[in-house]
Amino acid sequence: MREYIEQHILNKVEKPLRYLGDELNVVKKDWESVKLRMVFAFPDVYEIGMSHLGLSILYHLTNEQTDYLMERVFAPWSDMEEQLRTHHLPLYALESFRPVKDFDAVGFTLQYEMSYTNILNMLDLSGIPLRYWERSDDDPLIFVGGPCAYNAEPLADFVDVVILGEGEEVNLEFYHALAEHLAKHEGCWHKDELLKELVTIKGLYIPRFYDMTYHDDGTIAAITPNRKEAPKVLTKRYLQQMDHAYFPLKPIVPYLDVVHDRAMLEVQRGCTRGCRFCQAGMLYRPVREKTQMELTQQALAILQHTGHNDLSLTSLSTSDYTGIEPLLKNLVATLAEKNISVSLPSLRVDNFSLGLAKVVQEVKRTSLTFAPEAGTQRLRDVINKGVSEEDLEQVAKMAFTNGWSKLKLYFMIGLPTETDEDIAGIAKLAYKVLAIGDAIRKERGNKGQPPQITISVAGFVPKPFTPFQFEGQVTGEELRRRQQYLRSLINNKRITYNYHDSQVSFIEAVFAKGDRRLGNVLYGAWQKGCKFDGWSEFFDLDWWLEAFEEAGLDPCFYAHRSIDYEETLPWDHIHIGVRKSYLINEHQKALAETVTPDCRQGYCSICGVCQDLAAKVDLKGGDDGANQNKIC
Amino acid sequence: MVQIRIKYAKTNAGRFLSHLDLMRAWERSIRRSGLPLAFSQGFNPHPKISFGSALSVGVTSNGEYMDMELTEAVELTQLKERLTQNLPPALMLLDAQEITQKTEALMAVIDRARYQLSAQLTETISETHLAQLLSDFWAQDVINVLRFKKNSRNKREVNIRPSIFALTAKMDGDCLQLEMLVQTGSTGNVRPDEVVLGLMSVGLPIVNEIMTIHREGLYVAKDNDLVSPFVFC
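As the structure is a prediction and not an experimental result, all values here were calculated from the model.

Moving on: the overall build of chain B. A tally of regular secondary structure across chain B gives 5 helices and 11 strands. When the backbone C-alpha atoms are referred to their principal axes, chain B occupies close to 60 × 40 × 30 Å. By the burial criterion, 32% of the 233 residues in chain B qualify as buried. Considering only contacts within chain B whose residues lie at least 6 apart along the sequence, 74% involve residues at least 24 apart.

Right, let's talk about the interface of chain A and chain B for a bit. By convention, interface size is frequently given as the accessible area that disappears when the constituent parts associate. If you look at the interface, chain A gives 22 residues, while chain B gives 21 residues. Broken down by element, the side of chain A that touches chain B gets its largest block of residues, 3 residues, from helix H9 (residues 292-306) of chain A.

Turning our attention to unusual backbone geometry. Residue and element names in this part refer to chain A. The omega torsion of the bond from arginine 285 to proline 286 falls at -10°, within 30 degrees of zero and hence cis. The residue proline 286 is located in the loop between helix H8 (279-283) and strand S12 (288-289) in this model. Backbone geometry at histidine 88 places phi at a positive 50°, although glycine is not the residue there. Among the structural elements, histidine 88 can be located in the loop between helix H4 (78-86) and strand S3 (105-109). The exposure class of histidine 88 is exposed, given the 7 C-beta atoms found within 10 Å. With phi around 70°, glutamate 373 is a residue other than glycine that occupies positive phi space. In this fold, glutamate 373 is placed in strand S15 (residues 367-373).

Here the focus is the domain arrangement of chain A. All names here are of chain A. Here chain A is described as being made up of domain 1 (2-235) and domain 2 (263-517 + 553-612). The gap between the C-alpha centroids of domain 1 and domain 2 is 31 Å. Contact with domain 1, which involves 25 residues of that partner, is made by 27 residues of domain 2. Elements with a minimum of two residues in the side of domain 1 that touches domain 2: strand S7 (210-214), strand S8 (220-225) and strand S9 (234-235). The element best represented in the side of domain 1 that touches domain 2 is S8, accounting for 3 residues.

Turning next to the domain arrangement of chain B. Residue and element names in this part refer to chain B. Taken domain by domain, chain B holds domain 1 (2-109) and domain 2 (112-227). For domain 1 and domain 2, the distance between their C-alpha centres works out to 29 Å. Opposite the 14 residues of domain 1 that make contact, domain 2 presents 12 residues. Listed by contribution, the elements that provide at least two residues to the side of domain 1 that touches domain 2 are strand S3 (60-70) and helix H3 (106-109). Per element, the largest residue contribution to the side of domain 1 that touches domain 2 is 5 residues, and it comes from S3. Class assignment for the residues of the side of domain 1 that touches domain 2 results in 6 nonpolar, 8 polar and no charged.

For the rest of this paragraph, the subject is the sheet that holds strand S10 (residues 263-266) of chain A. All names here are of chain A. Taken in spatial order, the 3 strands of this open sheet run S10-S13-S14, and their pairing is parallel. Only two strands of the sheet have a single neighbouring strand rather than two, namely S10 and strand S14 (341-343). Between one strand axis and the next, the sheet turns by 25° as a mean value, whatever way the strands run. Judged from the 4 bridges that link them, S10 and strand S13 (residues 310-314) form a sheet pairing that is parallel. Bridge pairing in S13 places leucine 265 opposite leucine 313. Relative to S10, H9 is tilted by about 160°, and along the sheet it contacts S10 and S13.

Calculation notes
Residues numbered from 1 in each chain as written. Chains lettered and ligands numbered in written order. Predicted model: local features only at pLDDT ≥ 70, side-chain atom pairs only at ≥ 80, totals over all residues. Helix = DSSP H or I, 4+ residues; strand = E, 2+ residues; numbered from the N terminus. Buried ≥ 20, exposed ≤ 12 C-beta atoms within 10 Å, placed from the backbone. Contact = placed C-beta atoms within 7 Å. Domains from an automatic or database assignment. Nonpolar A, V, L, I, M, F, W, Y, C, P; charged D, E, K, R; others polar. Pairing = 2+ DSSP bridges. Axes fitted to C-alpha atoms, helices over the stretch in contact; angles between N-to-C directions.

Put into structure tokens, the structure is as follows:
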């Protein structure tokens, strides 16, 4: 198969390297010598999938175990799909070129709702029946994980097992159970029996073991386990000790220029700033840091094994890492002589962060990005984004004084309680920052690049497990009106205004908060040709609307409806640690324009993570551990 | 500063690397091997690496060249060992030699390339027919192919006949196997698929699909002879 694909297919597609494998540090294991063979399936293109740290961690962690083998597959671009279909070839895994269907289990990562149709398409290209009841014991087991798996209900028809939470521990327990089962049954699945065995593993959710009943108005009446073994409430898994946690030091180095073409090092997990729109902030609690010493050692090892010339310190909010300043200074000093740069993916709007930016960007001083998220103080209090107007002014002043000329500001539009005044606030802020830049340039006799501001405005999508889950999304029409209103307020060549298509975020909102009835919509949309829905060149709203109509469902019910606190939500049987009562309380505080401080500042708002999961905030402090376990 | 000239192969796994992919792969390999690579001065330091004639995407090769500059001397056996250990599956080290600052740049000296090409024809032809085609081909003074003009969407005709120095052909089932020596480098460049087009213009049956193209080597033409770019070392 490999030879045929190489000779007759790869020369006919754009970017053949997406489908060839054989990168540096790839792991090829002997098929016969392992007890369990799996594929990590990423439902988007190679360049996106290979930029995903989760894939790298789980791929290498799994392959370091003697008994398991894990290969990779990505969603083929339309040209490759056409070639595979014309030549009647199945989707294959990159390491061995074996058909995906030959593996024991296929795990899809759910990073984005708009990649769901790609999952269906990849199953179809593999020759695997889409719905679980159409699959036999000869077909691979289909499992999912990742942030969207916390509400995987729209995929309930298509998956066997959902993994809730961070995979480092639960995945290995899961694989162990799978391998035992295969060993017991001479390499064959007895899926009915298997699923019953899996129920005992904490963090594994089997959607078919739960019945959903609905009220006449379409809301959920009850979620009931239909097996006595299935727990009423499923709790997420997490890793308490981030230091000494598994981290791949020899990650795959793609030949292609992937989205994040650099060495990535996770410095901590979790963020408790408590932005009320942010799903990751709720899902990945509590904050757990790695020690500086371990991070420095890992950084050097990864760079040694990959040869990358850029190191990115990743996390939800890297400038919050307690030892960030000494860590950065140390790394920059060590790596500068090797011509390796260090980058920070996200910066807070404050002088401290700007100081960090100065440390890392000694050389390439071009553009700087901040995310105030909303245009007025009132709305920033609603969303609990702890940034004041003075913070932003100060940072702008410092940035321009220190030689930056381009500033990027990220905002959201369509936020709860938003008025035209808040939207006008975005434009005002942009003009104010520009004026600050102009004033500083004038003081210096108008030397250097004139300041430039870019404002990027995304449409707000309410996500489950956030205080804003109770909110409806504004209609597409209203969103477009607000986008145009902001457009009308910006009339300056040095302010660039970017905004996103509202139609995609509408379908995203539906699936983010969707229930399992959407399975039919997903199936219908895929049959009509929907795929790569996150890509504007593929997205087709009409196909989606037809699919909703044929399934007898109203997308507005899911996207636009505001939800009652008492309502049973499709994800109410999933416990992420953060309690629903906390989310309700936070929602009420949002409407009252009251902020909630970060628990790392010493005030515990009892979100439930430390109480219900017995989890601990784990801060290492600037002194590499002496200050650890500061209690919230 | 020490200059090193490297001969390497682009393997089957590496044939789809673009020139940019190739440069990244080399820089990373050298970094991994811990060799003291030299960088340009300035705000955006670049590694001092330069390549010989660029290779089309999809073509494998057994004779590519690259020059790199090191900040200090490294014993050659050790250098080869370290590079070999650190190259990705796409690339294979064949040889390395120290050159002097005075050695002419690869781009300036390389002017010949030898290719092997395998193409599937719509019909099989006999050896005699093939021999006739070749002699017809050599008899032409002008064999024009269309090429894009620089920075333009328009094409112009280019006579490739003077830039083809050797051409042999044989049939293997319905596959045509060609071996050719053509001009390359700054003085002009002939692509192997253009030679196939040239053969079609004198009567070769339609080519169904070009299956593989392999560059056997790059050379310098000198006094009716071909020498390796290492000879100038």
